[in-house]
Amino acid sequence: MQVMYRRLVGFYFHHVMMRECKLIFEGKRCDLLSYRCYESAEPNSVVLIERLNLEDSVLVGRVCYHGETNSLEKVRDKANQLLGVSFISEATDKVINDRLLCEWLKLSSGPDVEDLMHLLMGSGFNSNEVRIETEFFVSITDLKPLDHLIIRRNGKHKEHILLLDWNEGPEASCIRFDVPSCMDGYLGPLETHGYMIMERNPSTPTVYVNVRNRPIDADLMDKRMSNVSSRGRAYYDVLSYNCEHMCGLISNGRSYSAQATAFGNHAASFAVRAGRSLYLALLPLSNLFNLLGHFRYFLTGGMVLLSLLILAVLD
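Since the structure is predicted, the reported quantities are computational estimates derived from the model, not experimental observations.

Visitor: Please explain the packing of helix H2 (residues 98-107) against helix H3 (residues 112-121) as it appears in this structure.
Guide: Packed helix pairs are characterised by how far apart their axes lie and by the angle those axes make with each other. Put simply, H2 and H3 touch, their axes get as near as 10 Å, and they point 150° apart. If you check the angle between H2 and H3, you find them roughly antiparallel. In this structure, the crossing between H2 and H3 has a hand that is right-handed. Facing Leu100, Leu101 and Trp104 of H2, the residues of H3 in contact are Asp115, Leu116 and Leu119. Partitioning the contact of H2 with H3 into residue classes produces 5 nonpolar, no polar and 1 charged.

Structure, rendered in structure tokens:
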């Protein structure tokens, strides 16, 4: 099915082709779903386990946990289950970020499905009432495994990571929540998968389903998506080939965007009305220029006399 997410307070809709969608947990107010979709956009942040050279980063601080936290094995297992996964939380205004993921890995202790609900809701996993505070001016020689660090790499914004190993060397294996380095600057068709939390009866819906008269051939959609992806990196244009164009192309073979068409119609209408208003505003000026044309000799003589007067005064 084709799903539309409201973005920028309803200014536009982001269109996504939901290839797979499965209900995995039924809550009282919200449901947790796993999904795999096709979209044309910037890559989402995903859970990564990478080796970083900390000497190339600025160590801003360390987040300290005063209380019982998860063991290294449990943190590693939970991270391995979420490798390459992104998150959508449409039921709350909370955004899943690297700080929240690190805290969740350190503190969550419940069943896996309920843990994911707590993560996407942004609360409820600190059941042990662990006190959290930030320590600044940390030396690289004082680091140890499972440290929750705040670093700044390549002059970018601050980033939260979890160390998985540390042997006093510059390189360390760590858990990150970011766009993969190979996808930096990419904008175009991609396949994403992850978990999404949905509110059952939202007062202000943010997700809409585009109902079609005919069912979509999933195999044909997969083939079309592979053809679209082979066109190359960064293939995206907001007016001629945006997310809605791609969804129509891979679902029924027709590239069309109602939003882009509506924008073009509004822009053309605005240009016509603006041109008419400008013409009406300049019409009195044209009459004034015609009137001044009859007195151009008097104006020229007046300017000459005024110039002579100014010169006389200065003299």
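The rest of the description comes next.
Visitor: Got a minute to help me understand a nonpolar patch on the surface in this structure?
Guide: On the surface, Met303, Leu305, Leu306, Leu308, Leu309, Ile310, Leu311, Val313 and Leu314 cluster together into a nonpolar patch covering about 980 Å² of accessible area. Relative to the helices and strands, Leu306 resides in helix H7 (residues 296-314). The exposure class assigned to Leu306 is partly exposed, which follows from its relative accessible area of 43%.

Visitor: Hey, could you run me through the packing of aromatic side chains in this one?
Guide: In this description, an aromatic ring pair is defined by two values, namely the gap between the centres and the angle between the planes. Within this structure, the stated rule accounts for 1 aromatic pair. Taking 5.9 Å as the distance between ring centres and 40° as the angle between the ring planes, the aromatic pair formed by Phe87 and Phe177 counts as tilted. Of the two residues, Phe87 is situated in strand E6 (residues 86-89) and Phe177 in strand E10 (residues 171-178); the sequence distance between them amounts to 90 residues. This pair shows no difference in class: Phe87 is buried, exactly as Phe177 is. The residue whose ring lies beneath Lys78 is Trp104, and the NZ or CZ to ring-centre distance is 4.6 Å.

Visitor: Help me understand the side chain of Glu39, please; the structure alone is not making it clear to me.
Guide: Take Glu39: it is sitting in strand E3 (residues 30-41). Assessed through its relative accessible area of 5%, Glu39 is described here as buried. Within the structure, Glu39 has its side chain in polar contact with the side chain of Thr192 (distance 3.3 Å).

Visitor: What exactly am I supposed to notice about the sheet that holds strand E7 (residues 131-136) here?
Guide: To summarise the sheet geometry, strands pair through backbone hydrogen bonds and adopt either a parallel or an antiparallel arrangement. Strand order across the open sheet formed by 6 strands is E4-E10-E9-E8-E5-E7, with antiparallel pairing between neighbours. Both edges of this open sheet fall to strand E4 (46-53) and E7, since each of them pairs with a single strand only. Recorded for the sheet is a direction-independent mean angle of 35° between the axes of neighbouring strands. Note: strand E9 (residues 158-163) against E10, 2 bridges, orientation antiparallel. Within E10, the position partnered with Leu163 by the bridge is Cys174. Where H2 meets the sheet, its contacts fall on E4, strand E5 (57-66), E7, strand E8 (148-153), E9 and E10, and the angle it forms with E9 comes to roughly 20°.

Visitor: Where do I start with unusual backbone geometry in this structure?
Guide: Among all residues save glycine, negative phi is the norm, and among peptide bonds the norm is trans. Even without glycine at this site, Phe137 takes up a positive phi of about 55°. Counting through the fold element by element, Phe137 comes out in the loop between E7 and E8.

Visitor: Where do I start with the side chain of Ser173 in this structure?
Guide: Structurally, Ser173 is set in strand E10. The contact partners of Ser173, leaving out residues within four places of it in the chain, are Ile49, Glu50, Arg51, Leu162, Leu163, Leu164 and Asp165.

Visitor: Help me out: how do you make sense of H2 in this one?
Guide: Side chains of residues three or four places apart in an α-helix project in the same direction, reflecting 3.6 residues per turn. In terms of residue burial, H2 counts as a mostly covered element, since 9 of its 10 residues are buried. Among all positions of H2, only Asp98, Leu100, Leu101, Cys102, Glu103, Trp104, Leu105, Lys106 and Leu107 are buried. Its side-chain oxygen placed 3.3 Å from the backbone nitrogen of Arg99, Asn97 serves as the N-cap of H2.

Conventions adopted
- Residues numbered from 1 in each chain as written.
- Predicted model: local features only at pLDDT ≥ 70, side-chain atom pairs only at ≥ 80, totals over all residues.
- Heavy atoms only, no water.
- Axes fitted to C-alpha atoms, helices over the stretch in contact; angles between N-to-C directions.
- Helix = DSSP H or I, 4+ residues; strand = E, 2+ residues; numbered from the N terminus.
- Parallel < 35°, antiparallel > 145°, perpendicular 65-115°, else oblique.
- Left-handed = near helix turned anticlockwise from the far one by under 90°.
- Contact = heavy atoms within 4.5 Å.
- Nonpolar A, V, L, I, M, F, W, Y, C, P; charged D, E, K, R; others polar.
- Patch = residues over 30% accessible without salt bridge, like charges linked within 9 Å, V, L, I, M, F, W, Y side chains within 5 Å.
- Areas by Shrake-Rupley, 256 points an atom, 1.4 Å probe, with all protein chains shown as cover.
- Salt bridge = Lys/Arg side-chain N within 4 Å of Asp/Glu carboxyl O.
- Buried < 20%, exposed > 50% of the residue type's maximum accessible area, 1.4 Å probe, protein only.
- Phe/Tyr/Trp six-rings, centres within 6.5 Å; stacked < 30°, edge-to-face > 60°.
- Lys NZ or Arg CZ within 6 Å of the ring centre and 35° of its normal.
- Polar contact = N/O pair within 3.5 Å; in protein donor to acceptor, adjacent residues only side chain to side chain.
- Pairing = 2+ DSSP bridges.

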